[in-house]
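Per-entry structural report
These are the residues of each chain, in order.
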Amino acid sequence: MQKPKGTYDIYGEKSRQLLYLQKLITSLMEKYNYKYMQTPIFESSDLFHRGVGETTDIVSKETYDFKDRGNRNLTLRPEGTAGIVRAFIENKLYVDASPLKAWYFGSMFRYERPQSGRNREFNQFGVETFGSSDPMIDAEVISIIVNLFKILGLKGVKVNINTLGDVESRMAYREALLEYFKPYLDNLCEDCKNRYAKNPLRILDCKIDADSEILKKAPKIEDYLNENSKKHFTKVKEYLESMGIEYVVNSKLVRGLDYYTHTVFEVTSEIESFGSNNVLGAGGRYDNLVKTIGGPDIPGVGFAIGIERLLLALEAENIQITEEENIDVYIFAMSGAEKKPMISLANTLRLNGFNVDMDYFNRNIKNNFKHADKLNAKYVIIIGEEEIKTKTLTVKDNETKEEYKVSLETIVEFLDEKLGDE
Ligand code: HAM
């Protein structure tokens, strides 16, 4: 049996990296006062069609759709925003959106051509905030990505930003694009012909037509922004500058999902050895999405980072995020007769906060010490007939090889003293 194409197993060093990132993100999110949220891995297909958009590649080509045994149309989530928005509405979280600041971490599924940094199942860490249309929160959200990468020590990252404007500006731009592309329709790819009718903005994002002169000369959004949209974008930039965050305005950036208004951004890894899937994290403002999905008129802004891509970027920059693994104590018994005291001691030490492993194979002394070294144990405890009789344990410092006799009653204090300040 083999895993499905585009998926992978997480174990060993990768699993330690993943857990480390989860821990780091949890603590970072506490600093920003964002609250963890979890939503189902599958939702009704309709949610993604309405939320992410019918014309997007994600919905038109990449979703994992299935019918359950009750004949419901369900989809494995291709991204996190739509589910969080659905939960926000369904649980009436908008009652206290002052603002509501949420984060999530989990698997997403897209039927894409698998390659480095592009998987069919991948993890995203994302945030979504609801209730504030203040450009300050757009800048705060961008700062989270930048700060996470800074803490990790990633250097070659670039923040690309753009605005799509508010509804009025977007409509004006849409009209301009429709007019502009009309005479060139036959020259565009099949997907773009389809996009022309449904969402002409997405033509600008086309990978096939990207280098054509037609696209290069297309009208620019900045010429269609109304005052409100211009003001919002200027403020976002000012707030970024006030935090010392460098950015590049990229007027071609439209993003591959339909729900954005105003600010959109992508953070890329610019180091040469990194592959073509170099967008590590991306997001933007979506002031109409809550309403589109059937909720009240409440604005939102958020982003998602691709965890696998982030790990690839760390590898490409030679950044080590995990330390060598070790345990506090390794215990072994001299014979089967001391197995009960051994498991009992392990239990006590674990309850007292020590990381403990023990011999499950009745190894001989030499092999037990070998195994303790493999586990990087700081102390080795030996329990034999003599130890049981005298209620005294033989404890060996596995680094200095110094040996101690410690009474069973004081073993916790002993280890506390030895390991306490680590
Ligand atoms: P997205 O640009 O589709 O946005 O995905 C965000 C990030 O997920 C990408 O920048 C990339 O790092 C990672 N990613 C996407 N597809 C794959 C894949 N097949 N394999 C590995 N990594 C991948 C969203 O998903 C939006 N929900 C972001 C957002 C949140 N906007 C507002 N709030």
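Residues numbered from 1 in each chain as written. Predicted model: local features only at pLDDT ≥ 70, side-chain atom pairs only at ≥ 80, totals over all residues. Heavy atoms only, no water.

Once that is clear, we can look at the overall build of the chain. Looking only at helices and strands, one finds 15 helices and 16 strands in the chain. Relative to the globule expectation of 22 Å for 422 residues, the C-alpha radius of gyration of the chain, 28 Å, shows a markedly less compact shape. Seen along its three principal axes, the alpha-carbon backbone of the chain occupies a region of about 95 × 50 × 45 Å. Within the chain, the proportion of its 422 residues that are buried is 51%. Sequence-distant contacts in the chain: of pairs separated by 6 or more residues, those separated by 24 or more amount to 70%. Of the roughly 21,900 Å² of accessible surface on the chain, a fraction of 49% belongs to carbon and sulfur atoms. Averaged over its 57 positive side-chain charges, the chain has a centre that lies 4 Å from the centre of its 66 negative ones. (Helix = DSSP H or I, 4+ residues; strand = E, 2+ residues; numbered from the N terminus. Rg over C-alpha atoms; globule rule 2.2 N^0.38 Å. Buried < 20%, exposed > 50% of the residue type's maximum accessible area, 1.4 Å probe, protein only. Contact = heavy atoms within 4.5 Å. Areas by Shrake-Rupley, 256 points an atom, 1.4 Å probe, with all protein chains shown as cover. Lys, Arg positive; Asp, Glu negative; His and termini not counted. Charge placed at Lys NZ, Arg CZ, Asp CG, Glu CD.)

Let us now look at the site of the ligand. Near the ligand, the surroundings consist of 27 residues, among which Glu79, Thr81, Glu112, Glu128 and Tyr260 are the closest. Within the side chain of Arg255, an N or O atom sits 2.9 Å from an oxygen atom of the ligand. The separation between a nitrogen atom of the ligand and a polar main-chain atom of Gly302 is 3.4 Å. Among the elements of the structure, strand 6 (121-130), strand 10 (279-285) and strand 11 (300-306) are those that each provide at least two residues to the shell around the ligand. Considering every element that reaches the shell around the ligand, the biggest residue donor is strand 10, with 6 residues. The class makeup of the residues in the shell around the ligand is 11 nonpolar, 9 polar and 7 charged. (Near = heavy atom within 4 Å. Polar contact = N/O pair within 3.5 Å; in protein donor to acceptor, adjacent residues only side chain to side chain. Nonpolar A, V, L, I, M, F, W, Y, C, P; charged D, E, K, R; others polar.)

Under the defined criterion, the tally for this structure stands at 0 disulfides. Here Cys189 stays free of any disulfide, with the sulfur of Cys192 as its closest cysteine sulfur at 3.7 Å. Free of any disulfide, Cys192 has its nearest neighbouring cysteine sulfur in Cys206, separated by 3.5 Å. (Disulfide = S-S within 2.5 Å.)

On to the sheet that holds strand 4 (residues 73-76), then. Here 3 strands make up an open sheet; going across it, the order is 2-4-3 and the pairing antiparallel. Of all strands in the sheet, those with a lone pairing partner are strand 2 (42-44) and strand 3 (64-67), marking the two edges. Taking each pair of neighbouring strands and ignoring which way they run, the sheet shows an average axis angle of 35°. Pairing of strand 2 with strand 4 involves 3 bridges; the strand directions are antiparallel. Bridged to Ser44 within strand 4 is Leu74. (Pairing = 2+ DSSP bridges. Axes fitted to C-alpha atoms, helices over the stretch in contact; angles between N-to-C directions.)

Below, the discussion takes up the sheet that holds strand 15 (residues 392-397). Here 5 strands make up an open sheet; going across it, the order is 13-12-14-15-16 and the pairing mixed. What marks the edges here is a single partner per strand, and that holds for strand 13 (356-358) and strand 16 (403-407). This sheet shows a mean twist of 25° between the axes of neighbouring strands, independent of strand direction. When strand 12 (residues 327-333) meets strand 13, the two strands line up parallel, connected through 3 bridges. In the sheet register, Tyr330 faces strand 13, and the bridge partner there is Asp357.

A word on the pattern of salt bridges. Scanning the entire structure with this criterion turns up 21 salt bridges. Here Arg16 and Glu13 are joined by a salt bridge, their closest N and O atoms 2.8 Å apart. Of this pair, Arg16 and Glu13 both sit in helix 1 (residues 12-32), 3 residues apart, which is roughly one turn of that helix. Residue Arg285 is joined to Asp287 by a salt bridge in which the shortest nitrogen-to-oxygen separation is 2.8 Å. Asp287 carries the same exposure label as Arg285, and that label is buried. (Salt bridge = Lys/Arg side-chain N within 4 Å of Asp/Glu carboxyl O.)

Burial within strand 5 (residues 100-109) is extensive, with 10 of its 10 residues counted as buried. Two elements, strand 1 (residues 35-36) and strand 5, share 2 bridges in a ladder whose sense is parallel. The partner of Tyr36 across the bridge, within strand 5, is Trp103. Bridge count between strand 5 and strand 6: 10 bridges; the pairing is antiparallel.

Moving on: the packing of aromatic side chains. The full count for this structure, using the stated rule, is 18 aromatic pairs. Between Tyr32 and Tyr34 the ring centres are 6.2 Å apart and the planes differ by 85°, which places this aromatic pair in the edge-to-face class. Each member of the pair, Tyr32 as well as Tyr34, is classed as buried. Ring geometry for Tyr180 versus Phe181: centroids 5.1 Å apart, planes at 70°, classification edge-to-face. Overall, Phe181 belongs to the buried group, its relative accessible area being 0%. (Phe/Tyr/Trp six-rings, centres within 6.5 Å; stacked < 30°, edge-to-face > 60°.)

Along the chain, Phe149 falls in helix 5 (residues 135-152). Sequence-wise, Phe149 and Thr81 are 68 residues apart; in three dimensions their C-alpha atoms are separated by 22 Å. Not counting residues within four places of it along the chain, the set of residues in contact with Phe149 comprises Leu154, Val157, Val267, Leu280, Ile305 and Leu310.

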